[in-house]
Amino acid sequence: MRSSFAHPDLIRFTGDAAVYERAVRRLCRAAAKRGTILEYNLLGLREARHYPDERFWRIAAEEGCRAILGLDAHAPEQLSSRDGVDEAFAALARLGVSPVEDLPLVKI
């Protein structure tokens, strides 16, 4: 079973860069070890928000994390929009993060 972690880079940390790196590296190591897929959020990309955070994704790549594209469907048309999809895949490739094509739902 694969799990996912939405918005792993949402926190807008403005403190000491070393503190940020230690915390993110710890999170990413745990995610990679457990096979947890990290969400690369399209809404943030589409609206030029502070996420996806490139600092986060560089560390995620170094730790061997994988990503799936996700979005916040605040309006139904966002589900069918391809805006930002090619840009997101290009960013992940440039950063060295392997994308996951699908994430099967699990019956609980």
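Up top you'll find the structure we're talking about.
Conventions used here
- Residues numbered from 1 in each chain as written.
- Predicted model: local features only at pLDDT ≥ 70, side-chain atom pairs only at ≥ 80, totals over all residues.
- Heavy atoms only, no water.
- Helix = DSSP H or I, 4+ residues; strand = E, 2+ residues; numbered from the N terminus.
- Rg over C-alpha atoms; globule rule 2.2 N^0.38 Å.
- Buried < 20%, exposed > 50% of the residue type's maximum accessible area, 1.4 Å probe, protein only.
- Contact = heavy atoms within 4.5 Å.
- Areas by Shrake-Rupley, 256 points an atom, 1.4 Å probe, with all protein chains shown as cover.

**Re the overall build of the protein chain**
Right, so step 1: Across its full length, the protein chain holds four helices and four strands.
Right, so step 2: For 108 residues, the compact-globule estimate of 2.2 N^0.38 gives 13 Å, and the protein chain sits close to it at 14 Å.
Right, so step 3: On the principal axes, the C-alpha backbone points of the protein chain span a range of 40 × 35 × 25 Å.
Right, so step 4: A total of 108 residues make up the protein chain; the buried ones form 38% of that total.
Right, so step 5: Long-range pairs, those at least 24 residues apart, make up 80% of the contacts in the protein chain with a sequence separation of at least 6.
Right, so step 6: Total accessible area on the protein chain is roughly 6,900 Å²; 54% of this is exposed by carbon and sulfur atoms.

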